[in-house]
Amino acid sequence: MQWETVIGLEVHTQLTTRSKIFSGASTAFGAEPNTQACAVDLALPGVLPVLNRGAVERAIKFGLAIGAKLNRINVFARKNYFYPDLPKGYQISQYELPIVEAGELPIQVGDATKVIRITRAHLEEDAGKSLHEDFHGMTGIDLNRAGTPLLEIVSEPDMRSAKEAVAYAKALHNLVTWIGICDGNMQEGSFRVDANVSVRPVGQQAFGTRREIKNLNSFRFLEQAIDYEVRWQIEQLEDGHTIQQATVLFDPDTGETRMMRTKEEAHDYRYFPDPDLLPVRLDDDLIAQMQAELPELPQAKQARYQADWGLSAYDAGTLTGARALAEYFETVVETLTKATLTRNPLPEGEADKAAARLRESAKLAANWVMGELSGTLNRDGLDIADSRIGPASLAALLGRIQDGTLSGKLAKEVFAAMWAGEGEADAIIEARGLKQLSDSGEIEKIIDAVLAANAKSVEEFRAGKDKAFNALVGQVMKASQGRANPAQVNALLKKKLAG
Amino acid sequence: MSLSPEDIQRIARLARIRLTEAEAAQTGAQLNGIFRLIEQMQAVDTTGVAPMAHAQEVYQRLRADAVTEPNRRELFQAIAPQTEAGLYLVPKVIE
């Protein structure tokens, strides 16, 4: 039987506020245990929550970024359960009226774009942390994380493979870090993914029974966990068993998922509106202010790179994979375009050529940012923000390719020297004598010498062996120490051999 | 609707309250009294009335995002039954 996978994701994003969602305690990561847990976070008698404006603002920004409906009146509710790292005995969350509803996020799957619907996003507080290591058979509780603001983002079951789920998680990660509402640090738990996975025979309308994989903190684990879970569910069904709704954990060591609790044991959270908090009203001014603060979004940039700069969908998608990368790339293009115009102004009445030039610069910049630069960053395990070559410096180097000073090959050598800290492109070209040789007279002199020394190759060429020509080009390049302009060498050599 | 003795025990378990049979019977009677009251209220036609989350038409005031709470761990832990290495200790729980 052919099976179809159905996946929906719930993502907990930690918001980048300085203080907690309902108290003035700090949210800074890595503090000594319980030094950032105040009376409200500890749920001491008589305390009351006061909502942090920063958390509301970030949720609004997210809603606007996914084209969602913002609930002008939204309500906090109590989700009741008992656990020692939840001192109140309930988590303040949103239930019937979340702040954000019904948005969309497009994802790139291969060459196709697919739109994933986002059901809702609601504000809530995080719980504390339980440490089960040995404290004389007791459990240690650190409440620093208690009350940290989270935006839980719930998708529709719109994904049909682990690959799509990863593409969605990455697009979401890119978006929340892009608009600055979440730092995206997965090791520190700032972006945690739960995956609801089920399978059904191809063609069947009704969904199969789902199992929820909890707390995946890397894209790799997300993909592995779903792949394992799907294989497991199909095996169960093909062996004649049925799937029980359950919550499971992924074990990265074995690559398997294992049962945490079944539906029968599942909690009954008895949600009700929190009487300590009034309904939240979003007014037009606040929404307009958040809209104004939003940067150009990844999809908008992608569309602009394709329409104005002539980049392929793939290149545009890659370059908007992170905001810092896109900004770096744009600075290179802008600097390069400006330099070209200064060096080589457009003649009167040829302003229409500006677009073609811009496209040329954009393509060159895209190739270098995605090729040499990304490759080198990867090799050294660095982020674009830590690049050892700034965008203006890279633009200066690319300018030397455009004006014919450097061949692509020499440019790579200069790039490596810049990366090694030897200075700016022009200084390195000067110091190493790397300037491309474009003087026909000089190139001809080298060619003459090479022809004289390689009479055999010349004969072979005249006898019809095309290979001999390439050998001669190689000799000329070698004699010029790689500096001769290859196009000129080709042309001049052809002329000489024909003559 | 009325709650069965099993419903009462389930609610008690969710609230982590242990009830004797006598207590369960008494609590059940009280809860069913409340449910009868709710049933009466449900006779009111609420078509077109939006559910309300608060009795007054007032809205939540927002606080500026600023850290205002100092570290007072020592003070808080002075009233905790057991602490170690800055942690509050509780009976072992493994889900």
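Quick caveat: nothing in here was measured; it's all calculated off a predicted structure.

Caption draft 1: Quick look at the overall build of chain B. When helices and strands are counted, chain B shows 3 helices and 2 strands. In chain B, the succession of α and β elements from N to C terminus is α-α-α-β-β. Its C-alpha atoms give chain B a radius of gyration of 22 Å, clearly above 12 Å, the size a compact globule of 95 residues would have. Carbon and sulfur atoms form 57% of the exposed surface of chain B, whose accessible area is close to 7,600 Å². Within chain B, one finds 10 positive and 12 negative side-chain charges whose respective centroids are separated by 7 Å.

Caption draft 2: Representation of the sheet that holds strand β4 (residues 76-80) of chain A. All names here are of chain A. Taken in spatial order, the 3 strands line up as β5-β4-β15 in an open sheet, and their pairing is antiparallel. Each edge of the sheet is formed by a strand with only one pairing partner; in this case those strands are β5 (90-94) and β15 (272-273). With 2 bridges connecting them, β4 and β15 associate as antiparallel partners. Paired with A77 across the strands is P273, a residue of β15.

Caption draft 3: Expanded view of the confidence of the model for chain B. Residue and element names in this part refer to chain B. With 97% of its residues at a pLDDT of 70 or more, chain B has an overall mean of 88. Element-level pLDDT for chain B is lowest in helix α1 (residues 5-14), with a mean of 86, against a maximum mean of 94 in helix α3 (residues 73-77). If you check the scores for this complex, the pTM reads 0.81 and the ipTM reads 0.85.

Caption draft 4: Inspection of the interface of chain A and chain B at higher detail. With 54 residues of chain A in contact, the opposing surface of chain B contributes 35 residues. Where chain A abuts chain B, roughly 4,000 Å² becomes buried across the two surfaces, and 61% of that area is made up of carbon and sulfur atoms. Among the residues chain A hides against chain B, the three largest losses belong to F82, M138 and L278 of chain A. Together they make up 14% of the total. Counting across the chain A and chain B interface gives 1 salt bridge. Between D268 of chain A and R10 of chain B there is a salt bridge, and its shortest N-O distance comes to 3.0 Å.

Caption draft 5: Region of the structure containing the pattern of salt bridges. Residues and elements named next belong to chain A. Considering all chains together, one arrives at 27 salt bridges over all chains under this definition. Note that E293 is salt-bridged to K61, the shortest N-O span being 3.0 Å. With E293 in helix α5 (residues 284-293) and K61 in helix α2 (residues 53-65), this pair connects stretches of sequence that are 232 residues apart. Overall, E293 belongs to the partly exposed group, its relative accessible area being 43%. Note that K456 is salt-bridged to E460, the shortest N-O span being 4.0 Å. Placement of the pair is K456 and E460 together in helix α14 (residues 455-462), with a separation of 4 residues, close to one helical turn. A relative accessible area of 27% places E460 in the partly exposed class.

Caption draft 6: Molecular detail of the packing of aromatic side chains. All names here are of chain A. Scanning all chains against the criterion turns up 12 aromatic pairs over all chains. Summarising the aromatic geometry, the rings of Y95 and Y271 are spaced 3.8 Å apart at their centres and angled 5° between planes, so their arrangement reads as stacked. Of this pair, Y95 sits in the loop between β5 and β6 (100-109) while Y271 sits in the loop between β14 (256-262) and β15, and the two are 176 residues apart along the sequence. According to the relative accessible area criterion, Y95 is partly exposed, its value standing at 40%. When the ring of F461 is compared with that of F469, the centres are 5.7 Å apart and the planes differ by 40°; the resulting orientation is tilted. For F461, a relative accessible area of 24% translates into the label partly exposed. A residue is classified by how much of its surface remains accessible, and F469, at 9% relative accessible area, is buried.

Here is what the cut-offs are and how they apply
Residues numbered from 1 in each chain as written. Chains lettered and ligands numbered in written order. Predicted model: local features only at pLDDT ≥ 70, side-chain atom pairs only at ≥ 80, totals over all residues. Heavy atoms only, no water. Helix = DSSP H or I, 4+ residues; strand = E, 2+ residues; numbered from the N terminus. Rg over C-alpha atoms; globule rule 2.2 N^0.38 Å. Areas by Shrake-Rupley, 256 points an atom, 1.4 Å probe, with all protein chains shown as cover. Lys, Arg positive; Asp, Glu negative; His and termini not counted. Charge placed at Lys NZ, Arg CZ, Asp CG, Glu CD. Pairing = 2+ DSSP bridges. pLDDT = per-residue confidence, 0-100. Contact = heavy atoms within 4.5 Å. Buried area = accessible area lost by both parts, 1.4 Å probe. Salt bridge = Lys/Arg side-chain N within 4 Å of Asp/Glu carboxyl O. Buried < 20%, exposed > 50% of the residue type's maximum accessible area, 1.4 Å probe, protein only. Phe/Tyr/Trp six-rings, centres within 6.5 Å; stacked < 30°, edge-to-face > 60°.

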